[in-house]
Amino acid sequence: MASIKIVLRKNMIKKDNTIPLAIRISANYKTSYKWLGQYVLEKDWDEINGKVKRTHPNSKKLNNFLLKKLTETNDIYFDSKRKITPKQVKQKLKGPGGSTSFFDLAVKRVQDKYDEKVFSVAKSELSILYNLDEFLSFKNNASKEAIISKIKKNRLERISAGRKGELLFEDSINKFKKNKKLMFQDITPGFLEKFKSFCSVYLGQKTRTVTNQLIFVRTLFNIAVRDGIIDAQFYPFNDDKSKIKIGTSHKVGLNIQEVEKIEALSLDYNSSIWHTRNVWLIAFYFAGIRISDVVKLKWINFKDDRLLYVMNKNEKPLSLKVPDKATKILSMYKIMRTENKGFVFPFLKESNLFNEEDVFKKTRNATKLLNKYLKIIAIDCNIEKNLSNHIARHSFGNIAGDTIHPLMLQKLYRHSDLKTTLNYQANFIHRDADEALDNVINF
C-alpha cells in the first residue's frame, strides 16, 4: 500500500528560513518526492494534518492548492491499471511530457548498452541520435544537394575525430544529455512521417534502415509510457500510417557453381584478398556463421576435429565437425599461429584483448575491409550477385534448399524457434512453386 503525504523538507531550509513543501510518495520500500514550488516557515506548518496553519497569510488559498495536488497524486496511483512505482507517479505529476526529454532518456539507454559492452547496439543507436539531431536542425531553405553535402561533411568530421581520439563515446553522450530539443509529446504521427522522409531523401537510407530507427524511437516511447514520463494517450504508433511494418526482403545466395569459382580463384598468398576469400569460405563451410565470429576464431576453438565456440549474437554454444575443405584452409594458417597471437586469421592480432571496445572496433574494421575485397572477388569470378559477408549464410541456405531436414537446419543456424528456420529457408525453396508454374504454363 502506498503512503502519499505532503511534507516539509526541513533539511532544505532557505536563507529566509522558509522550507520547501513536497509530496512524499512511498511504496514497497521506495520513496520519491515531487516538489510543489511552495515554501513556508516551520511555525506555519501543521505536520499532523499536512496543511498550513491559519497563521500563514494565504492559508486558505495554499491549502486548497495542496489538497488539489494531493488528490491528483492519489488519483494517479489508484487509477493506474497496473502496479506503479513512486518514481512513475512523480513523472506523471509533471504533466504529459514531464521534464525528461527524448534525448535524456535515449542516452541513458545507450549508456547502459555501452556499459553492458554491447558496443554494436550502443554505436548504432548513438548514430540514430545524430540523425535525429540533424533532422531537428533541418531547414529546407537550401538546395537538396547542399543539405546532403552538409550532412555528409558533419558525418565525416565525426568519424575523423573519432579515429583520432578527439571525439570519445562520452563526448557524444554528453552532447545529448539534458537536450530539450525533442520532448515526447513532440513525437506525433506527422513528426514520424517527416522524419521517415528526411531519412530517405537526405540521408539516403533504405527502407529497412529507416524502419530500424523508428523501432528505436518506439522502444524509447514504450519505456517513457511505462515509467510515467508521457501519458499513453500521446503514443504515436497507433495511427495506421505510423504503425511500423517490417517488410520482407528477398534473400539471394550463391549456387554451387559460383562457390566453386571462389574456391578456384588464384590469389596471392597472404594478401588481404586471399585472407578475405578464406574467411568467407570458412563462414560458408560452417553453415554461414557470422563473419565477425570467424574473425574472432582462435585455435583453442578447435578440438578433436570439431569447431567449438559461442555465437556472439545470442551467446549460444556450437559444436560442428570440421569439413575437409575447411581443414585445408586452416592448415595454411597453422604456421601463423604465433604471429596471429592465437587467432586463426590476422585481423585481431594487434588488438588489446583486455579492452573489449578495442576488439569490437578492430572486428568492425575487419568486416568493412572484407566486404570491400568481396566486391573485387565477385568481379574476378564474374558473379553478378551482391557478394558480401552475410551472403555466406544465404548461400548455405540456397544450396541446402529442401534437401536437409528443418530440425537439422535449425541446429546449424542456431535458431531458437523452428518457425524462424522455416521462414528463413522459405527464401531458398522454389521447387513446388516452379513445378506448379510449369504445370499451368507448359500445357
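Residues numbered from 1 in each chain as written. Predicted model: local features only at pLDDT ≥ 70, side-chain atom pairs only at ≥ 80, totals over all residues. Heavy atoms only, no water.

Draft legend 1. A look at the overall build of the protein chain. Counting secondary structure elements, the protein chain contains 17 helices and 8 strands. Out of the 443 residues belonging to the protein chain, those deemed buried represent 43%. In the form shown here, the protein chain has an accessible surface area of approximately 25,900 Å², with 52% of it arising from carbon and sulfur atoms. (Helix = DSSP H or I, 4+ residues; strand = E, 2+ residues; numbered from the N terminus. Buried < 20%, exposed > 50% of the residue type's maximum accessible area, 1.4 Å probe, protein only. Areas by Shrake-Rupley, 256 points an atom, 1.4 Å probe, with all protein chains shown as cover.)

Draft legend 2. Fine view of the side chain of asparagine 340. By the secondary structure assignment, asparagine 340 is in the loop between helix 12 (324–333) and helix 13 (356–380). You can call asparagine 340 buried: its relative accessible area is 1%. Residues within four places of asparagine 340 in sequence aside, it is in contact with Phe345, Pro346 and Lys349. (Contact = heavy atoms within 4.5 Å.)

Draft legend 3. Local environment of the pairing of strand 2 (residues 18–27). A large share of strand 2 lies buried, amounting to 9 of its 10 residues. Of the pairings in the sheet, the one linking strand 1 (residues 3–8) to strand 2 comprises 6 bridges and is antiparallel in character. Considered in strand 2, the bridge of isoleucine 6 is made with isoleucine 23. Relative to strand 3 (residues 30–41), strand 2 runs antiparallel, the two sharing 9 bridges. In the sheet register, serine 26 faces strand 3, and the bridge partner there is threonine 31. (Pairing = 2+ DSSP bridges.)

Draft legend 4. Representation of helix 3 (residues 102–115) within the structure. For helix 3, spanning 14 residues, the distance from its first C-alpha to its last is 20 Å, which sits close to the expected 20 Å at 1.5 Å a residue. Of the residues making up helix 3, those classed as buried are Phe102, Phe103, Asp104, Leu105, Ala106, Val107, Val110 and Tyr114. Those residues of helix 3 hidden inside the fold are in contact with helix 4 (119–136), helix 6 (169–176), helix 8 (207–226) and helix 13. Among the residues trailing helix 3, lysine 117 stands out with phi positive, at a value near 70°. (Expected span 1.5 Å × (residues − 1).)

Draft legend 5. A look at the environment of leucine 348. The residue leucine 348 is located in the loop between helix 12 and helix 13 in this model. Separated by 18 residues in sequence, leucine 348 and alanine 366 place their C-alpha atoms 8.3 Å apart. Dropping the residues within four chain positions of it, leucine 348 is found in contact with Val295, Lys296, Phe343, Val359, Lys362 and Thr363.

Draft legend 6. Highlighting the sheet that holds strand 7 (residues 306–310). The antiparallel open sheet is built from 3 strands, whose spatial order is 6-7-8. Looking at which strands have only one partner, the edges of the open sheet turn out to be strand 6 (302–303) and strand 8 (317–321). Looking at chain direction, strand 7 and strand 8 are connected through 5 bridges and run antiparallel. Across the sheet, tyrosine 309 pairs through a bridge with leucine 318, a residue of strand 8.

Draft legend 7. View of the packing of aromatic side chains. Tallied over the full model, the rule gives 23 aromatic pairs. Seen in terms of ring centroids, phenylalanine 135 and phenylalanine 198 are 5.4 Å apart; in terms of plane orientation they differ by 55°. Their pairing is tilted. Residue phenylalanine 135 is found in helix 4, and its partner phenylalanine 198 is found in helix 7 (residues 189–201); the two are separated by 63 residues along the sequence. For phenylalanine 198, a relative accessible area of 2% translates into the label buried. Taken together, the ring pairs in this structure connect Phe102, Phe103, Tyr130, Phe176, Phe184, Phe216, Phe221, Tyr235 and Phe237 into an aromatic cluster. Of note, lysine 175 hangs over the ring of phenylalanine 176, and the distance from its end group to the ring centre comes to 5.5 Å. (Phe/Tyr/Trp six-rings, centres within 6.5 Å; stacked < 30°, edge-to-face > 60°. Lys NZ or Arg CZ within 6 Å of the ring centre and 35° of its normal.)

Draft legend 8. Layout of the nonpolar core. In terms of nonpolar packing, the biggest core is built from 51 residues, with Ile262, Trp280, Ile282, Phe286, Phe302 and Leu387 touching the most fellow members. Those elements that place two or more of their residues in this core are helix 9 (256–264), helix 10 (272–285), helix 11 (291–295), strand 7, strand 8, helix 12, helix 13 and helix 14 (391–400). Ranked by the residues each element gives to this core, the list is headed by helix 10, at 9 residues. Non-local contacts of leucine 387, meaning those with residues more than four positions away in its chain, are made with Leu254, Ile262, Trp280, Leu374, Lys375, Ile377 and Ala378. Counting 45 residues, the second largest nonpolar core, distinct from the first, contains Leu105, Leu192, Ala224 and Ile230. (Core = buried A, V, L, I, M, F, W, Y, C linked by side-chain atoms within 4.5 Å.)

Draft legend 9. Structural view of the pairing of strand 7. Side chains Leu307 and Tyr309 of strand 7 all project onto a buried face; the interleaved residues Arg306, Leu308 and Val310 project onto a face where none is buried. Here strand 6 runs beside strand 7; their pairing, made up of 2 bridges, is antiparallel. Bridge assignment links lysine 303 to a residue of strand 7, and that residue is arginine 306. If you look at the hairpin formed by strand 6 and strand 7, you'll find 2 residues sitting between the two strands, and aspartate 304 has a positive phi there, around 55°.

Draft legend 10. Molecular detail of the packing of helix 3 against helix 8. The geometry of helix 3 relative to helix 8 is characterised by a closest axis approach of 10 Å and an angle of 100° between their N-to-C directions. In terms of their interaxial angle, helix 3 and helix 8 are classed as roughly perpendicular. Where helix 3 abuts helix 8, its residues Phe102, Leu105, Ala106 and Arg109 lie against Phe216, Val217, Thr219, Leu220, Ile223 and Ala224. A class-by-class count of the residues in the contact of helix 3 with helix 8 yields 8 nonpolar, 1 polar and 1 charged. (Axes fitted to C-alpha atoms, helices over the stretch in contact; angles between N-to-C directions. Parallel < 35°, antiparallel > 145°, perpendicular 65-115°, else oblique. Nonpolar A, V, L, I, M, F, W, Y, C, P; charged D, E, K, R; others polar.)

Draft legend 11. The side chain of serine 395, seen in detail. Looking at where serine 395 falls in the secondary structure, it is placed in helix 14. Of the residues examined, serine 395 reaches a relative accessible area of 0% and is grouped as buried. Engagement of the side chain of serine 395 in a polar contact is seen with the backbone nitrogen of leucine 254, the distance being 2.9 Å. A polar side-chain atom of serine 395 sits 2.7 Å from the main-chain carbonyl oxygen of isoleucine 391. Contacts of serine 395, omitting those with residues within four sequence positions, involve Gly253, Leu254, Trp280 and Phe284. (Polar contact = N/O pair within 3.5 Å; in protein donor to acceptor, adjacent residues only side chain to side chain.)

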